[in-house]
Amino acid sequence: MSGKAKDILKMDLYGLLDVENTATSKEIKKAYRQKALTCHPDKNPDNPKAVELFYQLSQALEVLTDAAAKAAYDKICAAKKQAEERTRKLDDKRKKVKLDLESREQQAEAHYQEEVQITRTLEEEITRLREEGSRQLEEEQRLIREQIQREREAQQQQTGDGHSGVERCFKSIVTPKLKLKWKCKKDDETNGGYSQDILFTLLQKYGDVSNVIVSSKKRGSAVVEFATVRAAELAAKNEIGLSKNPLKISWLEGQSEVIAPASQPGQFLSSQGAMANERDYESVVMMRMRQAAERQKLIEQMQRDDDDEAAAS
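Remember, it's a predicted structure, so these values are computed and weren't measured experimentally.

**Q** Go over the environment of Gly254 with me, naming the residues and quoting the values.
**A** Take Gly254: it is sitting in the loop between strand S6 (248-253) and helix H9 (273-312). Apart from residues no more than four positions distant in its own chain, Gly254 is found in contact with Val174, Thr175, Pro176 and Val229.

As structure tokens, this is what we get:
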């Protein structure tokens, strides 16, 4: 294709003359004369664009008044228009596809977020059920322990062990104590998850806890003092501590040590009741003083053990 033909194809010949593509040769010539008069170089000597426009009008007249040239031009224009229409439709289709894709992506994202929320809700519900189940299990175990304790007490009453209330006070001269151990690193400020309050909470469900001594130097160890041997026995047998860091429980002293009952069960309640009561009171006071001395002795012994272990390390 020649350069002149390319230049013509770049122009809208009908637009230059302001006529339709169905205009006759006569109408095209008339339009040319009107346009050419207004932009003739002789009438516009100071306008350089007038020369170019006059030349383009001449090219339009030359092509559009020749039947063969006009047909070829019209054919190319029609093909160009069809190509533009196809491009427009393709662009519209692409735009629609893009919009559909974006819509599907938004829907997929919405579904994903919904699934995430549903999954999170399910996980929360499962966690809640586990916690509630754990609390219910602990409560049921506590009730079972209490029932077993009541049954044993009732059985002891039925067998008539003959021990008076005063004798039961003397069943454990040595206070029952348990030694607790658990895993704990030297630099663990949480002491393996155990503190005095936590140990109290774990162990008091078995009975009255008189004291809990957590070693300040030897991490991962403590001594627990119970009010009764039975409470200490239940704790030693059943308590496992925290699931992530179980306890190792062993007897320190006071395991099932019972003073033999009086040869005559009624001797403490003899006719000399006043003297017996006075002796009972003095005995109880002495027992408590011995327990306090034992507790202090135990604390001092633990401190010495901690010092020895620190020196050895």
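Having seen the structure, we can now continue with the description.
**Q** Give a description of the pattern of salt bridges that names residues and reports values.
**A** A side chain of one charge can pair with a side chain of the opposite charge if their charged atoms are brought near each other. In this structure the tally under the stated criterion is 11 salt bridges. Of the charged contacts, one joins Arg142 and Glu146 as a salt bridge, the two residues approaching to 2.4 Å between their closest N and O atoms. One end of the pair is Arg142 and the other is Glu146, both in helix H5 (residues 67-159) and 4 residues apart, which spans about a single turn. For Arg142, a relative accessible area of 25% gives the class partly exposed. A relative accessible area of 33% means that Glu146 is categorised as partly exposed. Salt-bridge contacts for Lys205 lead to Glu239; the nearest nitrogen and oxygen are separated by 3.0 Å.

**Q** Help me get a handle on a positive patch on the surface, residues and values and all.
**A** A contiguous patch of positive charge on the surface is contributed by Lys26, Lys29, Lys30 and Arg33. With respect to the helices and strands, the residue Lys29 is situated in helix H3 (residues 25-39). You can call Lys29 partly exposed: its relative accessible area is 42%.

**Q** If you had to explain the pairing of strand S1 (residues 177-181) to someone new, which residues and values would you point to?
**A** For S1 and strand S3 (residues 221-226), the ladder comprises 5 bridges, and the chain directions are antiparallel. Paired with Lys181 across the strands is Ser221, a residue of S3. Where S1 and S6 come together, 5 bridges link them in antiparallel fashion. Opposite Leu180, over in S6, you have Ile249 as the bridge partner.

**Q** Help me get a handle on the confidence of the model for the protein, residues and values and all.
**A** For the protein, the mean per-residue pLDDT works out to 81, and 82% of the residues sit at or above 70. Below a pLDDT of 50 lies the segment residues 258-274, which in the model reaches 15 contacts outside its immediate sequence neighbourhood of four places, other chains included.

**Q** Give a detailed account of the packing of aromatic side chains, specifying residues and quantitative values.
**A** Under the defined criterion, the tally for this structure stands at 2 aromatic pairs. Taken together, a centroid distance of 6.1 Å and an interplanar angle of 45° make the contact between Tyr14 and Tyr73 tilted. Here Tyr14, found in helix H2 (residues 13-17), pairs with Tyr73, found in helix H5; they are 59 residues apart in sequence, far enough to count as distant. When its relative accessible area of 8% is taken as the criterion, Tyr14 is described as buried. For Tyr73, a relative accessible area of 3% puts it in the buried group. On the numbers, 4.8 Å between centres and 45° between planes, the contact of Trp182 with Tyr194 is tilted.

**Q** Describe the nonpolar core, listing the residues and the values that go with them.
**A** Formed by 20 residues in total, the largest nonpolar core has its most connected members in Leu13, Leu17, Tyr32, Leu64 and Tyr73. Among the secondary structure elements, those contributing two or more residues to this core are H2, H3 and helix H4 (48-64). In terms of residue count, H4 provides more of this core than any other element does, 6 residues in total. Among the nonpolar cores identified, the runner-up in size contains 18 residues, and Trp182, Leu203, Tyr206 and Ala231 belong to it.

**Q** Account for the sheet that holds strand S2 (residues 209-214), with residues named and values stated.
**A** Hydrogen bonds between backbone atoms are what pair the strands of a sheet, whose relative direction is either parallel or antiparallel. If you walk across this open sheet you meet the 4 strands as S2-S3-S1-S6, and the pairing is antiparallel. With one partner strand each, in any of the chains shown, S2 and S6 form the two edges of the open sheet. With strand direction ignored, the average angle separating the axes of adjacent strands in the sheet is 25°. Against the sheet, helix H7 (residues 196-203) contacts S1, S2 and S3, and its axis sits at roughly 145° relative to S2.

**Q** Which residues make up the packing of H3 against H4, and what values do they have?
**A** Between two packed helices, both the angle of their axes relative to each other and the distance between the axes serve to describe the pair. In the contact formed by H3 and H4, the axes pass within 10 Å of each other and the chain directions differ by 170°. Between H3 and H4, the interaxial angle falls into the category roughly antiparallel. Residues Ile28, Lys29, Tyr32, Lys35, Ala36 and Cys39 of H3 form the contact with H4, whose participating residues are Ala50, Leu53, Phe54, Leu57, Ser58, Leu61 and Leu64. The class makeup of the residues in the contact of H3 with H4 is 10 nonpolar, 1 polar and 2 charged.

Definitions and limits used
Residues numbered from 1 in each chain as written. Predicted model: local features only at pLDDT ≥ 70, side-chain atom pairs only at ≥ 80, totals over all residues. Heavy atoms only, no water. Helix = DSSP H or I, 4+ residues; strand = E, 2+ residues; numbered from the N terminus. Contact = heavy atoms within 4.5 Å. Salt bridge = Lys/Arg side-chain N within 4 Å of Asp/Glu carboxyl O. Buried < 20%, exposed > 50% of the residue type's maximum accessible area, 1.4 Å probe, protein only. Patch = residues over 30% accessible without salt bridge, like charges linked within 9 Å, V, L, I, M, F, W, Y side chains within 5 Å. Areas by Shrake-Rupley, 256 points an atom, 1.4 Å probe, with all protein chains shown as cover. Lys, Arg positive; Asp, Glu negative; His and termini not counted. Charge placed at Lys NZ, Arg CZ, Asp CG, Glu CD. Pairing = 2+ DSSP bridges. pLDDT = per-residue confidence, 0-100. Phe/Tyr/Trp six-rings, centres within 6.5 Å; stacked < 30°, edge-to-face > 60°. Core = buried A, V, L, I, M, F, W, Y, C linked by side-chain atoms within 4.5 Å. Axes fitted to C-alpha atoms, helices over the stretch in contact; angles between N-to-C directions. Parallel < 35°, antiparallel > 145°, perpendicular 65-115°, else oblique. Nonpolar A, V, L, I, M, F, W, Y, C, P; charged D, E, K, R; others polar.

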